[in-house]
Amino acid sequence: MLASHLAVLLTGFALGIYLLPILTAPMTPSEALVQSIAGQSHFWGQFRRDLTGSNLLHWGEGEISVDKQTIALMSKVSPGPDYKLYLVPEFVENEAQFLKVKARSARLGDIKTFENFIVPVRDGVDVAQYTMVLVWCETFSEFISAAKYR
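Keep in mind that what you see is a predicted model, and the values were worked out from it rather than measured.

Chemist: Even after reading the chapter, I still don't get the nonpolar core, so can you show me in this structure?
Modeler: For soluble globular proteins, nonpolar side chains are generally found buried alongside one another. Core analysis: the biggest nonpolar cluster contains 25 residues, and Ile71, Leu85, Leu87, Phe117, Val133 and Val135 have the highest contact counts within it. Those elements that place two or more of their residues in this core are strand S2 (60-66), strand S3 (70-77), strand S4 (83-88), strand S5 (106-111), strand S7 (132-137) and strand S8 (142-148). Sequence-distant contacts of Val135, defined by excluding residues within four places in its chain, comprise Phe47, Val77, Tyr83, Lys84, Leu85, Ile111, Phe117, Glu142, Phe143, Ile144 and Ser145.

Chemist: What should I look at first to understand unusual backbone geometry in this one?
Modeler: When glycine is set aside, most residues are seen to have a negative phi, and most peptide bonds are trans. In the Ramachandran plot, Asn116 falls in the positive-phi region, its phi being about 55° despite a non-glycine side chain. Not every positive phi belongs to a glycine, and Ser141 is a case in point at roughly 50°. One can find Ser141 in the loop between S7 and S8. Taking the relative accessible area as the measure of exposure, Ser141 reaches 39% and is therefore partly exposed.

Chemist: Looking at this structure, how should I read the side chain of Ser54?
Modeler: Of note, Ser54 is situated in the loop between strand S1 (43-47) and S2. Polar side-chain contacts of Ser54 include one of 3.0 Å to the backbone oxygen of Ile144. Apart from the residues within four sequence positions on either side, Ser54 is in contact with Arg48, Arg49, Trp59, Phe143, Ile144 and Ser145.

Chemist: It is not clear to me how the sheet that holds S5 should be interpreted in this structure. Could you clarify?
Modeler: Hydrogen bonds along the backbone pair up the strands of a sheet, which may run parallel or antiparallel. Taken in spatial order, the four strands make up an open sheet running S5-S4-S7-S8, and their pairing is antiparallel. For this open sheet the edge positions go to S5 and S8, each flanked by a neighbour on one side alone. If you compare each strand with its neighbour and ignore which way they point, the axes differ by 25° on average. Two elements, S4 and S7, share six bridges in a ladder whose sense is antiparallel. Of the residues in S7, the one forming a bridge with Leu85 is Val135.

Chemist: How should the packing of aromatic side chains be read in this particular structure?
Modeler: Here the distance between the centres and the angle between the planes together describe a pair of aromatic rings. Within the structure shown, the criterion is met by four aromatic pairs. Between Tyr83 and Phe114, the ring centres sit 5.8 Å apart and the planes meet at 85°, which makes this aromatic pair edge-to-face. On the criterion of sequence distance, the pair formed by Tyr83 in strand S4 and Phe114 in the loop between S5 and strand S6 (118-120) is long-range, its members being 31 residues apart. Taken individually, Tyr83 and Phe114 each receive the classification buried, so the pair is uniform in this respect.

Chemist: So what exactly am I meant to see when it comes to the sheet that holds S2 here?
Modeler: Pairing is antiparallel across the open sheet formed by four strands, whose spatial order is S1-S2-S3-S6. Strand pairing shows two members of the sheet lacking a second neighbour, S1 and S6, which therefore form its edges. When the angles between neighbouring strand axes are averaged without regard to direction, this sheet yields 15°. Direction of pairing for S2 relative to S3: antiparallel, over a ladder of seven bridges. Paired with Val66 across the two strands is Ile71, which belongs to S3. Strands S1, S2, S3 and S6 of the sheet are contacted by helix H2 (residues 31-39), whose axis makes an angle of about 135° with S3.

The rules behind these values
Residues numbered from 1 in each chain as written. Predicted model: local features only at pLDDT ≥ 70, side-chain atom pairs only at ≥ 80, totals over all residues. Heavy atoms only, no water. Core = buried A, V, L, I, M, F, W, Y, C linked by side-chain atoms within 4.5 Å. Buried < 20%, exposed > 50% of the residue type's maximum accessible area, 1.4 Å probe, protein only. Helix = DSSP H or I, 4+ residues; strand = E, 2+ residues; numbered from the N terminus. Contact = heavy atoms within 4.5 Å. Polar contact = N/O pair within 3.5 Å; in protein donor to acceptor, adjacent residues only side chain to side chain. Pairing = 2+ DSSP bridges. Axes fitted to C-alpha atoms, helices over the stretch in contact; angles between N-to-C directions. Phe/Tyr/Trp six-rings, centres within 6.5 Å; stacked < 30°, edge-to-face > 60°.

Set out below in structure tokens:
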């Protein structure tokens, strides 16, 4: 009986971690807004589900657009807590590779929506000095997805 109660408690906790970000997410940016940002961008890339660090629960798909002021995704990333967007100086596709270059990467900000997101580029960050956009779960040190744009 103790084992069944513990299993239910752990399942509820895991579901809470998964569902809370979905329930508290702000409004998703409109497709028209994301497309207008993409039309002004200098670089584009593609999030893919087949990266070695991506899996059933951690993935991204769709087109990412990058310019000097804004990064926008047209599509989806898997829901989860504490997602951060990074610019990375070299190609990485899993946790171990990212941790090796994390100190040289630029953390731009939070991802609060899981479909069509827009993240501003901080002052002083030159997107031309990086080659990839990466979504990282800071709380659990989990690779979500990445896209090469240069």
